[in-house]
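Structure at a glance
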Amino acid sequence: MKIALCQMLSTQDVERNIATIREYTALAAARGARLVVFPEAAMRCFGGSLYDSAAQHEFTFRSALAEIAREHYLTLVAGGFAPVELSDEWDLRVYNNLYAYDQTGTETIYTKVHLYDAFGFKESDGVKAGESLRTITVDGTVIGLATCYDLRFPKLFTEYARAGAQATVVAASWAGGEGKVAQWQVLTTARALDSTQFVLAVDQASPASADARADVTQPRGVGYSRAVDPLGLTLVEAGEAPEILVVDLDLSRVADARQSIPVLTNAKLGY
């Protein structure tokens, strides 16, 4: 199955980001991709009022994704935000969602479970966590959905594997800083090995690729989107700049890995 990881550099302009998603999806479809994945915050980058953007643009963004998926007859996954609808009118938090659409218009929404309250950042101040895992099915293959900081929690990935997933998408806006690229690379490889499945990790491009003066410590992206196979082999990896990676997954590798390294059946202690 051919998949595309579309490493983009989101802006605060939702319409501009939709245009980028439309352009990149057309290019990926022309290369035969059946699943096209964009990063966390593809709708609009972090910074400023997420709530205002979500309240104004959520349905426009969702409708555009559904239309693009139908047009190219594939499954499209991209990160966006939705306002929290609670009785308290002063609750101005958002949900950090992954929206998935297939060629029939079927929608699946995964809401980020693990919020990025780390490295001096507190995502939970403005974002409400989800509680449930979600999978999609592409051409008969079950695929899990995860977002950024979820990558640091191995059990999420083993739960997806036990639910039948042969791959899990990780859409990220990974904050930069000392050692952060190395952590991204190690964690994506480790999660593939933990769960003997493909990990399809797509990050935002580094803002430094467009402006050398950019603050790379903010949760905007470091690049290095990558696909890792069930035995930890890196199949493709991007650099810092916007890029489209297309890779053909040999799904038989999952069964082979689970036979040779049966960590899912050997696990103890709730893993």
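Residues numbered from 1 in each chain as written. Predicted model: local features only at pLDDT ≥ 70, side-chain atom pairs only at ≥ 80, totals over all residues. Heavy atoms only, no water.

1. Let's talk about the side chain of threonine 196
Under the convention used in this document: A run of H or I in DSSP counts as a helix once it spans at least four residues, and a run of E counts as a strand once it spans at least two, with each numbered from the N terminus. Burial status follows relative accessibility: with a 1.4 Å probe on protein chains alone, a residue under 20% of its type maximum counts as buried, one over 50% as exposed, and anything between as partly exposed.
Its place among the elements puts threonine 196 in the loop between α4 (180–195) and β12 (198–203). Relative accessible area serves as the criterion here: at 1%, threonine 196 is assigned to the buried category.

2. Details of a nonpolar patch on the surface
What counts, and what does not: For patch detection, residues must exceed 30% relative accessible area and be free of salt bridges, and they are connected within 9 Å for like charges or within 5 Å for nonpolar side chains (Val, Leu, Ile, Met, Phe, Trp, Tyr). Only the protein chains shown count as cover for residues, with accessible areas throughout obtained via the Shrake-Rupley method and a probe of 1.4 Å. Take a side-chain nitrogen of Lys or Arg and a carboxyl oxygen of Asp or Glu: if they are within 4 Å of each other, that pair is a salt bridge.
Among the surface-exposed residues, Leu193, Leu231 and Ile261 lie close enough to one another that they form a single nonpolar patch of about 220 Å² accessible area. When you line up the elements, isoleucine 261 lands in the loop between α5 (252–260) and α6 (263–266).

3. Comments concerning the pattern of salt bridges
Throughout the structure, instances matching the rule amount to 11 salt bridges. Note that arginine 22 and glutamate 67 form a salt bridge whose closest N and O atoms lie 3.5 Å from each other. Linking arginine 22 in helix α1 (residues 14–30) with glutamate 67 in helix α2 (residues 50–72), this pair joins segments that are 45 residues apart in sequence. Looking at arginine 22, the relative accessible area reads 30%, which means it is partly exposed. Assessed through its relative accessible area of 40%, glutamate 67 is described here as partly exposed. Its salt-bridge partner being arginine 62, residue glutamate 107 comes within 3.0 Å of it at the nearest N-O pair. Here glutamate 107 is found in strand β5 (residues 107–111), whereas its partner arginine 62 is found in helix α2, with 45 residues between them in sequence. A relative accessible area of 33% means that glutamate 107 is categorised as partly exposed.

4. Some details on the packing of helix α3 (residues 154–162) against α4
Rule in force here: Axis geometry follows a simple rule: fit a line to the C-alpha atoms, using only the stretch in contact for helices, then measure angles between N-to-C directions, giving values from 0 to 180 degrees. Roughly parallel here means an angle under 35 degrees, roughly antiparallel means over 145, roughly perpendicular means 65 to 115, and every remaining angle is called oblique. Two helices cross in a left-handed way if the nearer one is turned anticlockwise from the farther one by less than a right angle. They cross in a right-handed way if the turn is clockwise. By the convention used here, residues are in contact when the closest approach between their heavy atoms is within 4.5 Å. Polar here means any residue other than Ala, Val, Leu, Ile, Met, Phe, Trp, Tyr, Cys and Pro, which are nonpolar, and Asp, Glu, Lys and Arg, which are charged; Gly is therefore polar.
Taken N-terminus to C-terminus, the directions of α3 and α4 make an angle of 40°; their axes are 9 Å apart at the nearest point. When the interaxial angle is binned, α3 and α4 end up oblique. Crossing geometry of α3 relative to α4 is assigned as right-handed. Where α3 approaches α4, its residues Pro154, Phe157, Thr158 and Ala161 are matched on the opposing element by Arg191, Asp194 and Ser195. Along the lines of polarity and charge, the residues of the contact of α3 with α4 split into 3 nonpolar, 2 polar and 2 charged.

5. Focus: the sheet that holds strand β9 (residues 135–138)
As a reminder, the rule being used: In this scheme, strands are said to pair when DSSP sees at least two bridges between them.
Within the open sheet, the 6 strands sit side by side as β9-β10-β11-β12-β13-β14. Their pairing is mixed. At either margin of the open sheet sits one strand with a lone partner, and together these are β9 and β14 (234–237). The average angle at which neighbouring strand axes cross in this sheet is 20°, direction not considered. Bridging between β9 and strand β10 (residues 141–147) involves 4 bridges; their strand directions are antiparallel. Paired with isoleucine 136 across the bridge in β10 is isoleucine 143.

6. What about the pairing of β5?
As paired elements, strand β4 (residues 94–101) and β5 share 5 bridges and run antiparallel to each other. Each bridged residue has a counterpart across the sheet, and for tyrosine 99 the counterpart in β5 is isoleucine 109. Here β4 folds back onto β5, and the loop between the two strands holds 5 residues, one of which, glycine 105, carries a positive phi near 90°.

7. So, α1
For clarity, the cut-off: To estimate how far a helix should extend, the number of its residues minus one is multiplied by 1.5 Å. Throughout, the arc means that of the directions going from the helix axis to the C-beta atoms. Here a polar contact is recorded for every N or O atom pair within 3.5 Å, except that within protein the pair must consist of a potential hydrogen donor and a potential acceptor, and residues adjacent in sequence are included only if both atoms are side-chain atoms.
The first and last C-alpha atoms of α1 sit 24 Å apart over 17 residues, in line with the 24 Å expected at 1.5 Å per residue. Of the residues making up α1, those classed as buried are Val14, Asn17, Ile18, Thr20, Ile21, Tyr24, Thr25 and Ala28. Considered in projection along α1, the buried side chains sweep an arc of 155° and stay on one side of the axis. In this structure, α1 carries Arg16 and Ala30 as exposed residues pointing more than 90 degrees from its buried face. For α1, the elements touching its buried residues are β1 (2–7), β2 (35–37), α2, β3 (75–83) and β15 (243–248). Its side-chain oxygen 3.1 Å from the backbone nitrogen of glutamate 15, aspartate 13 forms the N-cap of α1. Looking at the residues trailing α1, positive phi occurs at glycine 32, about 90°.

8. Some words on the packing of aromatic side chains
So the rule is basically this: Classification of ring pairs rests on two measures: the distance between centres of Phe, Tyr or Trp rings, Trp counted by its six-membered ring, which must be within 6.5 Å, and the angle between planes, read as stacked under 30 degrees, edge-to-face over 60 and tilted in between. By definition here, charges over rings are those cases where NZ of Lys or CZ of Arg is within 6 Å of the ring centre and within 35 degrees of the ring normal.
A complete count under the given rule lists 7 aromatic pairs for this structure. Seen in terms of ring centroids, phenylalanine 46 and phenylalanine 81 are 5.5 Å apart; in terms of plane orientation they differ by 75°. Their pairing is edge-to-face. With phenylalanine 46 in the loop between β2 and α2 and phenylalanine 81 in strand β3, this pair connects stretches of sequence that are 35 residues apart. The two residues phenylalanine 46 and phenylalanine 81 agree in class, both being buried. Taken together, a centroid distance of 6.2 Å and an interplanar angle of 70° make the contact between phenylalanine 61 and tyrosine 99 edge-to-face. Here the residue phenylalanine 61 occupies a position in helix α2, and tyrosine 99 occupies one in strand β4, the gap between them amounting to 38 residues. You can call phenylalanine 61 buried: its relative accessible area is 0%. Residue classification places tyrosine 99 among the buried positions, given a relative accessible area of 0%. Aromatic rings pair up to connect Tyr116, Phe121, Tyr149 and Phe153 into one cluster. Over the face of the ring belonging to phenylalanine 119 we find lysine 180, whose NZ or CZ atom lies 4.5 Å from the ring centre.

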